[in-house]
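Coordinate inspection notes
Okay, here's what each chain looks like letter by letter:
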Amino acid sequence: MATKWVKRFLISDAIVLVLLVVPLVYAVTPTTAPTGFDNLTNGFESQAQFDLDRANFDSREELADGLGPVYNAQACAECHQNPVSGAISQITELRKGRFDGFTFTDSPGGSLNNDRAVDASIQERVLGADNVVDLRSSLNILGDGFVEAIPDSFFTTTQANQQAQLGVGGTIIRVPVGEAAAGTTRIARFGWKNQHASLLSFAADAYLNEMGITSPLQPKENTTNGVVIPAQFDHKADPEDAGTTADPFGTDVGAFTRFMRSTKAPAPDAAVANTSDVLAGKSLFTQIGCSICHVASITTSPGGTVINGGKYTIPAAIGDKIIHPYSDFMLHDVGTGDGIVQNGGQGTRTKMRTPPLWGLRTHDRLMHDLLSVTRDDAINRHFGEANPVINNYLNLSVTQKNQLIAFINSI
Ligand code: HEC
Ligand code: HEC
């Protein structure tokens, strides 16, 4: 009898251990997030669902799907694909607006100039009064599920560290979370101007503004220079991507969001990662202060954390993960700003979000306007808040500069 009881106790004890101790251990031991340009899920969703969602991200929309009337391209992957779906590309978009010396105002219809239209008569153009015009490159979305899970504390801590080291900290802005209750905001981290905090909000925004497809979060078609486009050019009733019980914000928007959250982070080049030049460059990157803004390591919030105004619970595949994005996801004036104001107010006119450098080895043109073609040129374009660090760079020997560049070419 006694032995049986002991046995039973041990079994139930083991179950208690699995239930209680494992989640605790999990929460306090972050692991490195998976990386790879391999079309494989990071574990957020099954591989079969990932393949379906990626096919949706890759698929070209047609008039019958609601494409346009004004748009920029026919598939998410057209602008996010090198070397696999979700990564970066060489595509730029045209931004425009007006600045009177004090205040930036939007061009009629907004700052994005749609480059394509379903009919020649409704082509959008930069207007004579638009004295601010700039190009803006597409961005990598691989690994963005982890970026979405970066805790608020990271931004405030990093900002204070920058204040101490550079005399000025990055700008943190809060933006609306479209899928949450009206008035809900969260610290922004996506887009060159930090337009969004949620990948679901970004997906709906991109579907409308890149492809002209309306959805429950973005139910109104774009205009041509502020002029409402005649109904004959709109081939589907709004919302063109309608919601369902499973995907209340649109079936395609839901698929894009799942796909983005399921992607692995960009993979560094394993073949060179441990060469002496890359290792020396990696130390220099930290030593001279590049990592003050291009932050090397961030740990995501624990699994189970509820974010995006209560609309998203971070799963185990995304929570407690160490990522190496080489960004602080904050806005800075490094002397290159595009002059456009979006969500951050007039103070952000000349600021850009620090671009993550993960995946940089797949970019041949650099900076938000893609106007730099060498790494040295991109680094030399930094001024303003980056001045002390760029002075350190200028003082490196040619060998050291080459080592630093070998490092950023390896990530
Ligand atoms: C015509 C090209 C184009 C298409 C098509 C396009 N994008 Fe983008 N994407 C961009 C550009 C340009 C940016 C940078 C936007 C900015 O900051 O102004 C971007 C940025 C993003 C970001 C922010 C990434 C980050 O880490 O900051 C996400 C997310 C995104 N796109 C998702 C999508 C989705 C989903 C689709 C399909 C519905 C899509 N995009 C279609 C060009 C495109
Ligand atoms: C004060 C913050 C700050 C510091 C310090 C800083 N950067 Fe940047 N970096 C930025 C911002 C902001 C941009 C985007 C500028 C733009 O596109 O207009 C950028 C852009 C870049 C790019 C282009 C990335 C791309 O995707 O096109 C590279 C490469 C880069 N930085 C490397 C470095 C290196 C190397 C150092 C150290 C010598 C450094 N940065 C220091 C903020 C910083």
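Quick word on the overall build of the protein chain
Along its length, the protein chain carries eleven helices and 15 strands. In terms of C-alpha radius of gyration, the protein chain reaches 23 Å, essentially the compact-globule figure of 22 Å for 411 residues. Taking the principal axes of its C-alpha atoms as reference, the protein chain extends roughly 90 × 60 × 40 Å. Burial analysis of the protein chain (411 residues in total) assigns 50% to the buried set. Residue pairs in contact within the protein chain that sit at least 24 positions apart in sequence constitute 69% of those at least 6 positions apart.

What to know about the packing of aromatic side chains
Aromatic rings considered in pairs are described by the distance between their centres and by the relative angle of their planes. According to the stated counting rule, one finds nine aromatic pairs in the structure shown. Members of the aromatic cluster, joined through ring pairs, are Phe50, Phe57, Tyr207, Phe256 and Phe259. The ring of Tyr312 has Arg261 lying over it, and the distance from NZ or CZ to the ring centre is 3.7 Å.

Section: the coordination of the iron atom of ligand 1
Donor atoms from the protein around the iron atom of ligand 1 number only one, His80 (NE2), found at 2.1 Å. Looking at the element boundaries, His80 is found in the loop between helix 3 (76-79) and strand 3 (92-99).

Here's the deal with the packing of helix 6 (residues 199-211) against helix 7 (residues 251-262)
The geometry of helix 6 relative to helix 7 is characterised by a closest axis approach of 9 Å and an angle of 130 degrees between their N-to-C directions. Our classification of the angle between helix 6 and helix 7 gives oblique. Crossing hand, helix 6 versus helix 7: right-handed. Residue-level contacts link Leu199, Leu200, Ala203, Ala204 and Tyr207 of helix 6 to Asp252, Val253, Phe256, Thr257, Met260 and Arg261 of helix 7.

A look at the site of ligand 2
Ligand 2 sits among 27 residues. The nearest are Cys290, Cys293, His294, Thr336 and His382. Taking His368, its side chain carries an N or O atom lying 2.7 Å from an oxygen atom of ligand 2. The class makeup of the residues in the shell around ligand 2 is 18 nonpolar, eight polar and one charged.

A word on the side chain of Asn209
You can see Asn209 is positioned in helix 6. Asn209 gets classed as buried once you look at its relative accessible area, which sits at 18%. Here the side chain of Asn209 touches Asn222 through a polar contact of 3.0 Å, side chain to side chain. Setting aside chain neighbours within four positions, we find Asn209 in contact with Asn72, Leu112, Asn114 and Asn222.

Brief notes about the site of ligand 1
Cys76, Cys79, His80, Arg136 and Trp192 are the nearest of the 29 residues found near ligand 1. Note that an oxygen atom of ligand 1 is positioned 2.7 Å from one of the side-chain N or O atoms of Asp144. For ligand 1, an oxygen atom lies 2.7 Å from a polar atom in the backbone of Gly191. Counting only elements with at least two residues in the shell around ligand 1, the list comes to helix 3, strand 3, strand 7 (132-137), helix 6 and helix 7. Taken together, the residues of the shell around ligand 1 sort by class into 16 nonpolar, seven polar and six charged.

Structural notes on the coordination of the iron atom of ligand 2
Geometry reference: four tetrahedral donors at a metal, ideal angle 109.5 degrees. Six octahedral donors, ideal angles 90 or 180 degrees. The iron atom of ligand 2 binds to the protein through His294 (NE2) and His382 (NE2); the donor distances cover 2.0 to 2.1 Å. In this structure, the iron atom of ligand 2 is surrounded by six donor atoms whose angles at the metal cover 86 to 179 degrees, and the resulting shape is octahedral. Highlighted residues: His294 in the loop between helix 8 (276-287) and strand 10 (298-299) and His382 in the loop between helix 9 (375-380) and helix 10 (387-394), separated in sequence by 88 residues.

Brief notes about unusual backbone geometry
Residue Gly68 is joined to Pro69 through a cis peptide bond whose omega torsion reads 10 degrees. Tracing the sequence through the fold places Pro69 in the loop between helix 2 (47-58) and strand 2 (70-71). Following Asp238, the chain continues to Pro239 via a peptide bond in cis, the omega torsion being -10 degrees. Here Pro239 lies in the loop between helix 6 and helix 7. You will see that Asn39, though not glycine, has its phi angle at about 55 degrees, which is positive. Along the chain, Asn39 turns up in the loop between strand 1 (31-32) and helix 2. Look at Asn39 and you get partly exposed, because its relative accessible area is 27%. Positioned with a positive phi, Asn308 is a non-glycine residue whose angle comes to about 50 degrees. Tracing the backbone through its elements, the reader meets Asn308 in the loop between strand 11 (306-307) and strand 12 (312-313).

Regarding the nonpolar core
The tendency in soluble globular proteins is for nonpolar side chains to be buried as a group. Counting 36 residues, the largest nonpolar core has Phe57, Ile150, Phe155, Ile298 and Ile323 as its most contacted members. Taken together, the elements giving at least two residues each to this core come down to helix 2, helix 3, helix 4 (144-148), helix 5 (152-166), helix 6 and helix 7. Of the residues forming this core, the biggest block, six residues, is contributed by helix 6. Setting aside residues no more than four positions away along its own chain, Ile323 makes contact with Ala33, Phe146, Ile150, Ala296, Ser297, Ile298 and Trp358.

Basis of the calculations
- Residues numbered from 1 in each chain as written.
- Chains lettered and ligands numbered in written order.
- Predicted model: local features only at pLDDT ≥ 70, side-chain atom pairs only at ≥ 80, totals over all residues.
- Heavy atoms only, no water.
- Helix = DSSP H or I, 4+ residues; strand = E, 2+ residues; numbered from the N terminus.
- Rg over C-alpha atoms; globule rule 2.2 N^0.38 Å.
- Buried < 20%, exposed > 50% of the residue type's maximum accessible area, 1.4 Å probe, protein only.
- Contact = heavy atoms within 4.5 Å.
- Phe/Tyr/Trp six-rings, centres within 6.5 Å; stacked < 30°, edge-to-face > 60°.
- Lys NZ or Arg CZ within 6 Å of the ring centre and 35° of its normal.
- Donors = N, O, S within 2.8 Å, 3.2 Å for Na, K, Ca; no water.
- Axes fitted to C-alpha atoms, helices over the stretch in contact; angles between N-to-C directions.
- Parallel < 35°, antiparallel > 145°, perpendicular 65-115°, else oblique.
- Left-handed = near helix turned anticlockwise from the far one by under 90°.
- Near = heavy atom within 4 Å.
- Polar contact = N/O pair within 3.5 Å; in protein donor to acceptor, adjacent residues only side chain to side chain.
- Nonpolar A, V, L, I, M, F, W, Y, C, P; charged D, E, K, R; others polar.
- Tetrahedral: all angles 85-135°; square planar, octahedral: opposite > 155°, others 65-115°.
- Core = buried A, V, L, I, M, F, W, Y, C linked by side-chain atoms within 4.5 Å.

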